[in-house]
Amino acid sequence: MAVSPLVAPTAQSSAFKRQPSAVPSSTGGTPLPSNAAPTSHPQPSSSSSQSLLRHGPAGPLTLDPIEQLNEDEKRKYVKGKKLGEGTYANVYLGHARHDPSVLVAIKKIKVQQQYQDGMAPDAVRELKYLRELRHPNIISLLSVFSSKDQNLNLVLEYLPLGDLEMLIRDVDRVRYGAGDIKAWMGMLARAVWFCHDNYVLHRDIKPNNLLIAADGEVKLADFGLARGFADPGRRMTANVITRWYRPPELLFGARHYGAAVDMWSVGMVFAELIIRAPFLAGNTEVEQIALICKHIGTPTEEVWPGVTRLREYTVPSEVVPVWPKDAYMGRFGAVGADGVDLLVRTLALDPKKRISAREMLEHRWWRTDPKPTRKEDLPRKSAGGEDKMGADLKRRPGVVEDEGAPRGQRVARKLDFGIAK
Ligand code: AMP
């Protein structure tokens, strides 16, 4: 198994090219989160067979094996209060039925009639990639089941400490330094390295998608825009990655691209961690390009051969030479000269010259002082945020699984766990 160049071997890491699926197959059980004790997750219970019957007009009908598997999986969890809402899903706090202290996040995908099978492509992607990628710095998918209202539910490890964006923005109450940034960047780099080593592009890396576990570990989440990139000939959409984190090749409409797109986002997160504000926050794509030109340099044939042939290449007429490393020291010097060197390599305009995740992990910055902070010593959400988190943890979630679903819809979506392998 390939091992992250920076860290000790990730013994619990696995990925589709090497390991079996991370979510239940028709024969498998619920996989454990990478940091959970082996006994902490629910196991199939014989009492679940009580749900074997459903009722049809002519009396009770038995469930077929796939429905039964789904019922068993669903019964392992109890859904509680809403934690948040995304574009295609609501996220709820949940717990294991057999042990309410085992908390999970249940992402309930909204049924959207305009899509085939009612599932947004983002949801399909998230399921596809999360079930394959298993690494301590990538959110774990624990289970999948369909509920009676035909919604698909992804059971994810619960990450109660918010996200990196919350820490970055809370300048009044959260203090952090170079060792903390190094620790967070190490976790991010390892997650991205693992995705890329398994030919997966995340395509939406930003502080808001870096969730924090109870032990301080940062986990890359939200794989709704992810895709494989093993086939370099395939055209891909340029309309991915949140604007502030989007690299110049996508802003110029490139349809063939690779892992370097994520690395630009990693660089932007790095910069943001240092200055505690988005580095280049354009309100439009045109403004985003203008900001890149102004603060990093104008992409020209000289610095990036072939750039002018990109479909939507357009830059302000005044050409700004690429800023040398020294020019970054004033604003980003908190991470030292080696840190700035890494930042500049990550924000190379030409994707071919941009540092890869593997090269990033081999950079000398990790070996210079200060050492990365131990995860248990990393800054956490401030007291205000902690109150909310404390409330989340203390609350005993109510059972809302069957909330008002009309009777006619109370047959679970049939899940063929084998299909998406
Ligand atoms: P998403 O649709 O993934 O963007 O999730 C929407 C919101 O739900 C996020 O902004 C988080 O506040 C919350 N959330 C998502 N996943 C989790 C998780 N695994 N643990 C805790 N909260 C989560």
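Thresholds, definitions, all that
All residue numbers refer to positions counted from 1 along the written sequence of the respective chain. In keeping with the model being predicted, local features are shown solely for residues with a pLDDT of at least 70 and side-chain atom pairs are shown and tallied solely at 80 or more, while totals for entire chains, interfaces and linings include all residues. Calculation of side-chain values draws on the structure's entire complement of heavy atoms; hydrogens and water are dropped beforehand. The salt bridge criterion pairs a side-chain nitrogen of Lys or Arg with a carboxyl oxygen of Asp or Glu, the two atoms within 4 Å. Think of it in three bands: residues with accessible area under 20% of the maximum for their type are buried, residues over 50% are exposed, and the middle band is partly exposed, with areas taken using a 1.4 Å probe on protein chains only. Per the convention used, a helix needs a DSSP run of H or I reaching at least four residues, while a strand needs a run of E reaching at least two, with both numbered from the N terminus. Residues enter a nonpolar core if they are buried and are Ala, Val, Leu, Ile, Met, Phe, Trp, Tyr or Cys, with the set joined through side-chain atoms within 4.5 Å. When checking whether two residues touch, look at their non-hydrogen atoms; a contact exists if any pair is within 4.5 Å. Residue proximity to a molecule or strand is established when one non-hydrogen atom of the residue lies within 4 Å of it. Polar contacts here mean pairs of N or O atoms no more than 3.5 Å apart (in protein, one a potential hydrogen donor and the other a potential acceptor; neighbouring residues in sequence count only if both atoms are side-chain atoms). Surface accessibility follows the Shrake-Rupley procedure with a 1.4 Å probe radius. Residue values consider only the protein chains on display as shielding. Here the term charged refers only to Asp, Glu, Lys and Arg, the term nonpolar to Ala, Val, Leu, Ile, Met, Phe, Trp, Tyr, Cys and Pro, and the term polar to all other amino acids, Gly among them. Each residue carries a pLDDT score, the predictor's own confidence in it, on a scale running from 0 to 100. The convention used is that axes are lines fitted to C-alpha atoms, helices contributing only their stretch in contact, and that angles between N-to-C directions extend from 0 to 180 degrees. Helix crossings fall into two classes, left-handed where the near helix is turned counterclockwise from the far one by less than a right angle and right-handed where it is turned clockwise. UniProt positions are given in the numbering used here, feature names are shortened, and annotations may be inferred rather than shown by experiment. Paired rings are identified among Phe, Tyr and Trp, the last through its six-membered ring, by centres lying within 6.5 Å, and are further divided according to the angle between planes into stacked (under 30 degrees), edge-to-face (over 60) and tilted (the rest). Any Lys NZ or Arg CZ found within 6 Å of a ring centre and within 35 degrees of that ring's normal is scored as a charge over the ring.

**Focus on the pattern of salt bridges**
- This model, assessed by the stated rule, comprises 25 salt bridges.
- Here E73 and K76 are joined by a salt bridge, their closest N and O atoms 3.1 Å apart. Residues E73 and K76 agree in their burial class; the two are buried.
- Close ionic contact of D341 with R345 constitutes a salt bridge, the shortest N to O distance being 2.7 Å. Note that D341 and R345 are positioned in helix α9 (residues 336-346) at a spacing of 4 residues, about one turn of the helix.
- Residue D341 is classed as buried on the basis of its relative accessible area, which comes to 6%.
- With a relative accessible area of 41%, R345 lands in the partly exposed category.
- Shared partners join several salt bridges into a network, and the residues in it are K325, D338, D341, R345 and R364.

**With respect to the nonpolar core**
- M185 and I296 are the most contacted members of the largest nonpolar core, which has 97 residues in total.
- By residue number, the principal contributor to this core is helix α4 (residues 178-197), which donates 12 residues.
- Every residue in contact with M185, bar those within four places of it in the chain, is listed here: V266, F270, L273, M360, W365 and W366.
- Core analysis: the next-biggest nonpolar cluster, separate from the first, contains 6 residues, Y77, V104, F145 and V155 among them.

**Section: the site of the ligand**
- The immediate surroundings of the ligand are formed by 13 residues, with G86, K107, I139, E157 and L159 found nearest.
- Contacts to the ligand include K107, whose side-chain N or O atom sits 2.7 Å from an oxygen atom.
- Here a nitrogen atom of the ligand sits 3.0 Å away from a polar atom, N or O, in the main chain of L159.
- Considering the ligand on its own, with 470 Å² of exposed area, one finds that the protein chains cover 79% of that surface.
- Of all elements in the fold, only β3 (77-85) and β5 (99-109) reach the threshold of two or more residues within the shell around the ligand.
- Broken down by element, the shell around the ligand gets its largest block of residues, 3 residues, from β3.
- Looking at side-chain class alone, the shell around the ligand contains 7 nonpolar, 2 polar and 4 charged residues.

**Looking at the confidence of the model for the protein**
- The predicted model of the protein averages 81 in pLDDT, with 75% of residues at 70 or higher.
- Scored below 50 in pLDDT, residues 1-53 makes 131 contacts in the model with residues more than four places away or belonging to other chains.
- Below pLDDT 50 for its whole length, residues 385-421 participates in 79 contacts with residues either more than four positions away or in separate chains.

**Quick notes on the packing of helix α8 (residues 325-332) against α9**
- Where α8 meets α9, the axes come as close as 9 Å, and the angle between the chain directions of the two elements is 115 degrees. Crossing of α8 against α9: the hand is right-handed. Contacts between α8 and α9 pair K325, Y328, M329 and F332 from the former with G336, A337, V340, D341, L343 and V344 from the latter.

**Quick notes on the UniProt feature "binding site: ATP" (unreviewed entry) in the protein**
- Within this structure's numbering, the places UniProt gives as "binding site: ATP" (unreviewed entry) are K108.
- Residue placement: K108 occurs in strand β5.

**A closer look at the packing of aromatic side chains**
- If you walk through the whole model with that rule in mind, you get 9 aromatic pairs.
- Ring plane angle 85 degrees and centroid distance 5.0 Å describe the contact between Y176 and W184, whose orientation is recorded as edge-to-face. Of the two residues, Y176 and W184, neither departs from the other in class, the shared state being buried.
- The interplanar angle of 45 degrees and the centroid separation of 5.1 Å between the aromatic rings of F270 and W365 together place this pair among those described as tilted. With a gap of 95 residues between them, F270 in helix α6 (residues 260-275) and W365 in the loop between α10 (357-361) and α11 (383-394) connect regions that are remote in the sequence.
- A relative accessible area of 0% means that F270 is categorised as buried.
- For W365, a relative accessible area of 1% puts it in the buried group.
- Ring pairs connect the aromatic residues F252, W304 and Y313, which therefore count as one cluster.
- K79 extends its terminal NZ or CZ atom over the ring of Y92, reaching a point 4.8 Å from the ring centre.

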